[in-house]
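Residue-level structural notes
Here are the chains, one letter per residue:
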Amino acid sequence: MSTKKSLPVTAYPLWLASPLALAMLLFFITPLLMLGVVSFYSDAAMTQWGSVANWAKTLDGFGLTVLLDTLWLGVQVTALSLVLGFALAWSFLRMPARLQPLIIFIVMLPLLTSVVVRTFAWIVILGRQGIVNNFLMDLGLIEAPLKLLYTRLGLVVTLANVQLPLMVLPLITALQRIDMNLSDASASLGASEWQTFKKITVPLALPGVIAGCLLTFSAAITAFISQSLIGGGQMLFMPMYLYQQVSALSNFPFAAAISLTFLATVILCVSLFNMLGRLSRGYANG
Amino acid sequence: MTSRRQLLQASLTLGALQLFPGMSHAQAKRLVFATFTGSWEEAHRAVLVPAFKKATNNAEIILDPMLSVDQIAKVTAARNNPPIDVMLHDPGPALTAIDQGLVENYPVATSANYKDLIAEAQEETGPAIFFQVVGLTYNPDKIKTPPTSWKDLWKPEYKGRAGITNLNSTLGTGFLVEIAKMFGGSESNIEPGFKALNDLKPNLAAVAANPGALATLFQQGQVDISPGNFNAIQILKARGVPVEFVIPKEGAIAFKTTIHIVKNSPNRELAVALIEAAMSPDVQTKLMQSPYLVVPTNSKVKMDGEIAKVLAKDQADMKKRFVFQDWKKINEQRAQWIERFNREIKL
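Residues numbered from 1 in each chain as written. Chains lettered and ligands numbered in written order. Predicted model: local features only at pLDDT ≥ 70, side-chain atom pairs only at ≥ 80, totals over all residues. Heavy atoms only, no water.

Residues and elements named next belong to chain B. Within the structure shown, the criterion is met by 18 salt bridges over all chains. Among the salt bridges present, the one from Lys300 reaches Asp116, with a minimum N-O distance of 3.4 Å. You can see Lys300 sitting in the loop between helix 11 (281–288) and helix 12 (305–310) and its partner Asp116 sitting in the loop between strand 4 (103–104) and strand 5 (128–138), a full 184 residues away along the chain. Across the salt bridge formed by Glu187 and Lys181, the nearest N and O atoms sit 3.4 Å from each other. Classification of Glu187 as buried rests on a relative accessible area of 10%. Looking at Lys181, the relative accessible area reads 28%, which means it is partly exposed. Taken together, the salt bridges that share partners define one network made up of Lys237, Glu244, Glu306 and Lys309. (Salt bridge = Lys/Arg side-chain N within 4 Å of Asp/Glu carboxyl O. Helix = DSSP H or I, 4+ residues; strand = E, 2+ residues; numbered from the N terminus. Buried < 20%, exposed > 50% of the residue type's maximum accessible area, 1.4 Å probe, protein only.)

Listed below in structure tokens is the structure:
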């Protein structure tokens, strides 16, 4: 047996990452830097450089409202997904093993269809003559169709459904890893089911919760198609704001400022979630 | 004498060319025409491309359908060696492309068909090869008396049943200008238009993000009346959706769709040949017929079919019923209008 000191098997030389790093530098970092340069032009035709006017406009009262409203939408969608997703993941682990693949398939199904198709399905569900309205009218609960499409509520529900797999899958993984004996132990020590859930299950599932929230949140705030088809043209979120400047006005400098602001905000949120994730892992393992 | 090795090499090369037919043509000239997506592409592929091939002794042409903004972005990114030879634009983007120096003037003096275009279609920067027409769209199952005026949108009986689009689209912007005019404003005085939009709020079931989304809302019964694009409505109608198109008594909003030679295009001659074909009465007559229903700009085309029935029976009638807007003025202010719409039109 050799006593020569070798690298641990899990450590790989860093240079193996260089092709990827080069590709990222060329096709991701460089365009981003160019975007940064473009954002300092003061006019749409890009002749006057060296102005912060676009940045000021992005972060003025109105721009800030749009940004905060977009983040608030993300929070609403994430909260709803978490409630639905947690319940689903919880019951998934308690159902007969032969049903589980079926449930996983159903959960994954939305991921296998195009986001446009999923969104149009929701138009059919929420429309004035849609499934929800027809059902409520048949039951005699409402006289005239409710307005569900093109409302905030409709948008939040749709996004929560569309992004649900992103929440459920990490949750299932996290809940699966919890040793069932812990709940039994907790119960045998006299804790009620609610106490066990609060003190044992939730803290141990926290890494999964945070991973799910992170994915759902970032997917919800950037979901341009669902936002514009279900929310409509009078709701303005960052993706639509950006698209509007590019497509209707060809104002690339302002669009660049909007997109970089949005990107920075998303990165900030993601790092915040990541920090929480690290803390929670420490909590769960420690 | 040819050695066996040479023979083998030659046959391998030929075999490879057989496998990748694109390679052998890579050096040949071919024209890239950025048309619009969907039904426009279908119509151009079926009618314009064969006419172009006939006129140019089978020159190669590629239809690369994309949005106006993508056309402009791609040409701007490579001004000296543009990836597109011929662009197609709505009035707003056309002016942007012209202002940014992306297009070359059309050689009108030597053109056979240009002089036959109706006056509104004659633009040296790029002639209009068809018009897009915006009128009132309604669901005949729900609305028994057809609307006759833009003002009908404000009728109390349509509470929560009307739809519009936001200003991102040519349709939405054109509609705002039209209602401003109706209430005493103009391209340079949009105030009455915004006031009218605010008054319309109780009737609005939807502010769609784009005209396509608006059209599908008829299918869901979400919207029963809205401004609509003639061609988009014909597509819905053909699929059995209950929709009808009428020209309001104030006139239909007409947008020129212009075709442009891209500056520095290496295929200038072919580009001219394509545009000539697109202006010719022959092509425009074929495109006017069902299922394409493209509104002609050549005065020699005899109107007939659905277009004659619904839009205009001849060119004189067209002049009476179509309203053209001043897009130069509109473009100057569009950014402010969009900003104002963003702030004010919340449902």
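Continuing now.
On to the interface of chain A and chain B, then. Contacts between chain A and chain B engage 30 residues on the former and 33 residues on the latter. Summing both sides of the interface, chain A and chain B together bury roughly 2600 Å²; the carbon and sulfur share of this comes to 57%. Taken together, the links from chain A to chain B amount to one salt bridge. One salt bridge in this structure joins Glu339(B) and Lys57(A), with 3.6 Å as the shortest N-O distance. For the pair chain A and chain B, the interface holds eight residue pairs in polar contact (both at pLDDT 80 or more). Secondary structure elements with two or more residues in the side of chain A that touches chain B: helix 5 (115–126), helix 10 (224–231) and helix 11 (238–247) of chain A. The element best represented in the side of chain A that touches chain B is helix 11 of chain A, accounting for six residues. Looking at the side of chain A that touches chain B residue by residue, the class counts come to 17 nonpolar, nine polar and four charged. (Contact = heavy atoms within 4.5 Å. Buried area = accessible area lost by both parts, 1.4 Å probe. Polar contact = N/O pair within 3.5 Å; in protein donor to acceptor, adjacent residues only side chain to side chain. Nonpolar A, V, L, I, M, F, W, Y, C, P; charged D, E, K, R; others polar.)

The end-to-end C-alpha separation of helix 7 (residues 152–177) of chain A is 36 Å, in line with the 38 Å expected for 26 residues at 1.5 Å each. Within helix 7 of chain A, the axis deviates most sharply at Gln163(A), by approximately 50 degrees, and proline Pro165(A) lies no more than four positions further along. (Expected span 1.5 Å × (residues − 1). Bend = angle between axes of the 7 residues up to and from the residue.)

Turning next to the domain arrangement of chain B. Residues and elements named next belong to chain B. Domain assignment breaks chain B into domain 1 (7–130 + 256–307) and domain 2 (132–254 + 326–344). Here the C-alpha centroids of domain 1 and domain 2 sit 30 Å apart. With 17 residues of domain 1 at the interface, the matching set in domain 2 holds 12 residues. For the pair domain 1 and domain 2, the two sides together bury roughly 1100 Å², of which 56% comes from carbon and sulfur. Contact with domain 2 buries surface across domain 1, with Trp40, Leu95 and Leu293 losing the most and accounting together for 33% of the total. Scanning the region where domain 1 abuts domain 2 turns up one salt bridge. Note that Glu306 is salt-bridged to Lys237, the shortest N-O span being 3.6 Å. Seen at the junction of domain 1 and domain 2, the total is six residue pairs in polar contact (both at pLDDT 80 or more). Breaking the side of domain 1 that touches domain 2 down by element, the ones donating at least two residues are helix 3 (39–55), helix 5 (91–99), strand 10 (252–262) and helix 12. (Domains from an automatic or database assignment.)

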